[in-house]
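Analysis of the macromolecular model
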Amino acid sequence: MPQNPSSLQAHSLVKRYRHLTAVNDLSFEVRPGVVTGFLGPNGAGKSTTLRMFLGLDRPTSGAATVGGLRLAEMPHPMRIVGAMLDARAVHPRRTAADHLAAVARAGAVPRSRVAQTLGLVGLDDSANRPAGDFSLGMKQRLGIATALIGDPGIVIFDEPLNGLDPEGIRWARSLMRGLAAEGRTVLFSSHLMGEMELTADHLVVIHHGRLLADQPLSAFIADHTTERVRARTPDRRGLITALDRAGLEAVPDTASPDRLDVAGVTTDHVGRIAAVAGIELSELSSVRESLEDVFLTMTSTQKKAA
Amino acid sequence: MDLLASEWIKIRSIRTTWILALGTVVVTAMVSLLGISGLMADWHAHLPADFDPTGSSFKGILVGQILIATLGAQTFTSEYASGQIITSLTIAPRRAVLMATKVAVTALVALATAVLAVACSFVVSQATLAAAGLPTADLGDASTIRAMLCAVGYLVLTAVLGVALGVITRSSSGALAVVVTVGLLVPALAPGLPGVVGDIAGTYWPTTAGQASYTTVDAGPLTALAGFAVMGVFTLWTTLAAQLTLRTRDA
């Protein structure tokens, strides 16, 4: 089967330590052109999986490949895949420019890329400062610069939004979306669903080293959340009766005496029923449970099952 | 070649490298000088039959070796401490090649350092001996030249040994502990061990054998070059062991 040269593939990937199975029979593919979010709670096996893609850790069984190849089989891997696993992973006494110069030289990348990449991440003014003096946010930017200096078709970022201020988060998001729009393969991990909703097109969700979901974000939302209509009325009992007559089951909100939820219906429909019954509505809206809730439910039920 | 240039940028762009290199030169010369000054009175009173003006000039290597080994070790340990090793291994996933490159760059820096350290140590020591009216080394003598070359070689081998220990221990303090044990403690204690164990350890222990290579008076059953070879083989094996460790262990 021909392999897409710019996709990441995990085939029945397993990583077992003495007392722990960190990654358990994981298979998925990360494709170019979209931002793929790699989601899982802390300790789910995300970093271990990313390390196996990069050849840092050896799988117990299965394979993690880049376009069907291992990194050691590529003459200049940094031109194929760029990664930032740990933003702090840079020698504290070396300047940002020297750090990038060493990286560029190793991949036979022209030295002009150093200044160019520093500009891209907005560190031009700090080029000659030791990386140890950088804030975590600046280290994130330097880490991203390290990943991008070889102009790779595939980028892997582990928790890239950690430690960034709101402006930095917005910057990193648009950077990742831009990289994907250029046709690159973008995989980034996070333990926060909220970060995924605004950035990812596609989700790979793991928990306890197992795959929970591998689908487009929109499909994930459709599959795992239900749209409900929320109504607020001074006459909750009356509205429940009216809805019941229309064959709809209302769920009273236990937290609020004048509120109820109805599933599988539109706001128009509920509004009409209330009008016909002559019931006053003070609020009528459509709500979805948050993806954060879905994710928490998903991972907590999974915990019980395990 | 690209990787070699990259590692060169890395080693030259941190000040620790140059502090340790300069430290090796200064400490080697100073300790040699102190050793000679301390014994000068005894030598005036009674010059030993096996007095070795060349070997006496290199006593400071005992301490200098610790610094140059640390210089070698930190090429890896500083990367393990900061996590930079992750980036290095992603960029250069062929680990044996990465290690060979670091060994080569370290050996190069160590060679320049060792030449300076040996030259300075020799010059100040000989000047002190001459000023005190004691016998000095004869630069026209082949054994003097051989001892100087072996002293340089010994320091370079120690730096390479440092790289290997840095890989195996992954920590500067761990590597330092091993270097001090192998380079100072065992050579100091081994001759005191009883009987044949003491004889063998006092002669064939790699650093002891290596240190005998830069004297001009035969001290034991090993010739100078054989002693240097023992140290060389030991360094080679340790380097191969380190390479195997690096290749098989998760980063």
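The structure presented is a predicted model; accordingly, all values stated were derived computationally and were not measured.

Take the overall build of chain A next. Helix and strand counts for chain A come out as 10 helices and 13 strands. Relative to its length of 306 residues, chain A is extended, with a C-alpha radius of gyration of 24 Å against a globular reference of 19 Å. Reported as C-alpha extents along the three principal axes, the dimensions of chain A are approximately 75 × 45 × 35 Å. Relative to its full complement of 306 residues, chain A shows a buried share of 42%. Counted over contacts in chain A with a minimum sequence separation of 6, partners at least 24 positions apart contribute 69%.

Looking only at helices and strands, one finds 11 helices and 0 strands in chain B. Element order for chain B, N to C, with α for helix and β for strand: α-α-α-α-α-α-α-α-α-α-α. Against the globule reference of 18 Å for 251 residues, chain B gives a C-alpha radius of gyration of 19 Å, in line with a compact fold. Going through the 251 residues of chain B one by one, you find that 48% of them count as buried. Put simply, of all contacts in chain B between residues at least 6 apart along the chain, 80% involve residues at least 24 apart.

This part takes up the packing of helix H2 (residues 15-45) of chain B against helix H4 (residues 61-82) of chain B. Residue and element names in this part refer to chain B. For the pair H2 and H4, interaxial distance at closest approach is 8 Å and the crossing angle is 170 degrees. Comparing their axes, H4 and H2 come out roughly antiparallel. For the pair formed by H2 and H4, the contact residues are Thr 16, Thr 17, Leu 20, Ala 21, Gly 23, Thr 24, Val 27, Thr 28 and Val 31 on the first element and Ile 61, Leu 62, Val 63, Gly 64, Leu 67, Ile 68, Thr 70, Leu 71 and Gln 74 on the second. By residue class, the composition of the contact of H2 with H4 is 10 nonpolar, 8 polar and no charged.

Residues A:Leu100, A:Ala145, A:Ile156, B:Ala151 and B:Leu155 are the most contacted members of the largest nonpolar core, which totals 135 residues. Counting residues per element, this core draws most heavily on helix H7 (residues 142-169) of chain B, which supplies 17 residues. Among all residues touching A:Ile156, those that are not within four sequence positions of it are A:Leu50, A:Phe53, A:Val81, A:Ala83 and A:Leu187.

Across the boundary between the two partners, chain A contributes 29 residues, which contact 24 residues of chain B. In terms of residues, the side of chain A that touches chain B owes the most to one element, helix H2 (residues 96-106) of chain A, which gives 6 residues. When its residues are assigned to classes, the side of chain A that touches chain B shows 16 nonpolar, 5 polar and 8 charged.

Below, the discussion takes up the sheet that holds strand E10 (residues 227-232) of chain A. Sheets are built from strands paired through backbone hydrogen bonds, the pairs being either parallel or antiparallel. Residue and element names in this part refer to chain A. Within the open sheet, the 4 strands sit side by side as E11-E12-E10-E13. Their pairing is antiparallel. With partners counted over all chains shown, the strands left at the sheet margins are strand E11 (250-252) and strand E13 (283-288), one partner each. Within this sheet the neighbouring strands show an average axis-to-axis angle of 30 degrees, counted without direction. As paired elements, E10 and strand E12 (residues 259-263) share 5 bridges and run antiparallel to each other. Along E12, the bridge assignment pairs Ala 231 with Leu 260.

Our focus in this paragraph is the domain arrangement of chain A. When its domains are assigned, chain A resolves into domain 1 (8-223) and domain 2 (226-288). Relative to domain 2 of chain A, the C-alpha centre of domain 1 of chain A lies at a distance of 46 Å.

Time to look at H4(B). All names here are of chain B. In this model, H4 (22 residues) spans 30 Å end to end at C-alpha, consistent with the 32 Å of a helix rising 1.5 Å per residue. A bend of about 45 degrees at Gln 74 is the largest found in H4. Most of H4 is tucked away, with 18 of its 22 residues classed as buried. Phi turns positive one or two residues past the end of H4, at Gly 83, with a value near 95 degrees.

With respect to the element layout, A:Met74 can be found in the loop between strand E4 (61-66) and strand E5 (81-84). Using a count of 17 C-beta atoms within 10 Å as the deciding quantity, one classes A:Met74 as partly exposed.

For the rest of this paragraph, the subject is unusual backbone geometry. Residue A:Ser12 is not a glycine yet carries a positive backbone phi of 40 degrees. On the secondary structure map, A:Ser12 appears in strand E1 (residues 8-17). Look at B:Arg170: it is not a glycine, yet its phi comes out positive at around 60 degrees. On the secondary structure map, B:Arg170 appears in the loop between H7 and helix H8 (172-189).

Looking now at the sheet that holds strand E8 (residues 202-207) of chain A. All names here are of chain A. Strand order across the open sheet formed by 6 strands is E5-E6-E7-E3-E8-E9, with mixed pairing between neighbours. Every other strand in the sheet has two partners, leaving E5 and strand E9 (210-216) as the edge strands with one partner each. The sheet shows a mean angle of 15 degrees between the axes of neighbouring strands, taken without regard to direction. Of the pairings in the sheet, the one linking strand E6 (residues 154-158) to strand E7 (residues 185-190) comprises 5 bridges and is parallel in character. Among the inter-strand pairings, Phe 157 is bridged to a residue of E7, identified as Phe 188. Packing of helix H4 (residues 136-148) onto the sheet brings it into contact with E5 and E6, and relative to E5 it is tilted by some 165 degrees. Contacts from helix H7 (residues 217-224) reach E8 and E9, with the element oriented near 110 degrees to E9.

Another aspect to go through is the environment of A:Pro77. Inspection of the secondary structure assignment puts A:Pro77 in the loop between E4 and E5. Between the C-alpha atom of A:Pro77 and that of A:Val66, which follows or precedes it by 11 residues, the distance is 9.7 Å. Residues within four places of A:Pro77 in sequence aside, it is in contact with A:Leu71, B:Thr90, B:Ile91 and B:Pro93.

This prediction gives chain B a mean pLDDT of 92; 100% of its residues lie at or above 70. Interface confidence in the predicted complex, given as ipTM, is 0.85; pTM for the same model is 0.87.

Calculation rules
Residues numbered from 1 in each chain as written. Chains lettered and ligands numbered in written order. Predicted model: local features only at pLDDT ≥ 70, side-chain atom pairs only at ≥ 80, totals over all residues. Helix = DSSP H or I, 4+ residues; strand = E, 2+ residues; numbered from the N terminus. Rg over C-alpha atoms; globule rule 2.2 N^0.38 Å. Buried ≥ 20, exposed ≤ 12 C-beta atoms within 10 Å, placed from the backbone. Contact = placed C-beta atoms within 7 Å. Axes fitted to C-alpha atoms, helices over the stretch in contact; angles between N-to-C directions. Parallel < 35°, antiparallel > 145°, perpendicular 65-115°, else oblique. Nonpolar A, V, L, I, M, F, W, Y, C, P; charged D, E, K, R; others polar. Core = buried A, V, L, I, M, F, W, Y, C linked by C-beta atoms within 7 Å. Pairing = 2+ DSSP bridges. Domains from an automatic or database assignment. Expected span 1.5 Å × (residues − 1). Bend = angle between axes of the 7 residues up to and from the residue. pLDDT = per-residue confidence, 0-100.

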